[in-house]
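# Structural characterization, general
Listed below are the residues making up each chain.
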Amino acid sequence: MVYASNGAPSRKRLESVKDAAKQTAQKLNLDFEVVRFDRATSPIYVYYEEGDDEPIPLYCDEGKISGLEEISSKLRNMMFVLSFHPKHSALRQMRSELLRLS
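Here's a quick rundown of the structure. A quick note: this is a predicted structure, and the numbers were derived from the prediction, not measured.

Right, let's talk about the layout of surface pockets for a bit. Computed from the structure, the largest pocket encloses a volume of approximately 340 Å³. Lining the largest pocket are 18 residues, and of these Met1, Leu30, Asp31, Tyr47 and Tyr48 sit closest to its centre. In terms of residue class, the lining of the largest pocket is built from 13 nonpolar, one polar and four charged.

Another point: the sheet that holds strand S4 (residues 56-60). The mixed open sheet is built from four strands, whose spatial order is S2-S1-S3-S4. The open sheet has two edge strands with one neighbour each: strand S2 (34-37) and S4. Strand after strand, the sheet turns through a mean of 30 degrees between neighbouring axes, direction not considered. Here helix H1 (residues 11-27) sits on the sheet in contact with strand S1 (2-5), S2, strand S3 (45-48) and S4, set at roughly 165 degrees to S1. The sheet contacts of helix H2 (residues 68-82) involve S3 and S4, and relative to S4 the element is tilted by about 155 degrees.

Between H1 and H2, the shortest axis-to-axis distance is 9 Å and the interhelical angle comes to 50 degrees. Overall, the two elements H1 and H2 adopt an arrangement that is oblique. The hand of the H1/H2 crossing is right-handed. Facing Ser16, Val17, Asp19, Ala20, Ala21, Gln23 and Thr24 of H1, the residues of H2 in contact are Leu68, Ile71, Ser72, Leu75, Arg76 and Met79. Residue composition of the contact of H1 with H2, by class: seven nonpolar, four polar and two charged.

Each value, and the rule that gives it
- Every chain begins its residue count from 1, and numbering advances along the sequence as written.
- It should be noted that, the model being predicted, local features are given only for residues of pLDDT at least 70 and side-chain atom pairs only at 80 or more, the latter also being counted only at that level, while totals for whole chains, interfaces and linings use all residues.
- Side-chain descriptors were evaluated using all non-hydrogen atoms of the structure, hydrogens and water having been removed beforehand.
- Two kinds of site are reported from a 1 Å grid over the protein atoms alone, namely cavities, where a 1.4 Å probe fits but cannot get out, and pockets, open sets with protein on both sides within 12 Å along at least five of seven lines, and residues are called lining when an atom falls within 4 Å of a point.
- Grid points are joined across faces, edges and corners, and a volume is the space filled by probe spheres set on the points.
- Each residue is assigned to one class: nonpolar for Ala, Val, Leu, Ile, Met, Phe, Trp, Tyr, Cys and Pro, charged for Asp, Glu, Lys and Arg, and polar for all the others, Gly among them.
- The criterion for strand pairing is that DSSP finds at least two bridges linking the strands in question.
- Working definition: helices are DSSP H or I runs of at least four residues, strands are E runs of at least two. Numbering for both runs from the N terminus.
- Interaxial angle, 0 to 180 degrees, is taken between N-to-C directions of lines fitted to C-alpha atoms, where a helix line uses only the stretch in contact.
- Whether two residues touch is decided by their heavy atoms; if any such pair falls within 4.5 Å, the residues are in contact.
- When describing relative orientation, an angle under 35 degrees is termed roughly parallel and one over 145 degrees roughly antiparallel, while 65 to 115 degrees is termed roughly perpendicular and anything else oblique.
- Crossing handedness is defined as follows: a turn of the near helix away from the far one that is anticlockwise and smaller than a right angle gives a left-handed crossing, while the clockwise case is right-handed.

In structure tokens, the structure reads:
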């Protein structure tokens, strides 16, 4: 899930984060969603959600523009680390794919 403000995050920032999260989700056969919330300006976040568990933050753009590859790499790295946690069995099954993408 990509969380972004309804305010005015830079279009380029939002597109980079959204594209990286969407591509990563597609490669891993995961759902993808953009959630907009009411707040002036704020960082853009990417969360991983499995079942009814609370979403886990994977990435924050800290209000800075980053490239697609940099964001994608950070998402994959965080998902790989999460794959070792016993609560995330779906990611454990994707571990080899996450390695291959890195």
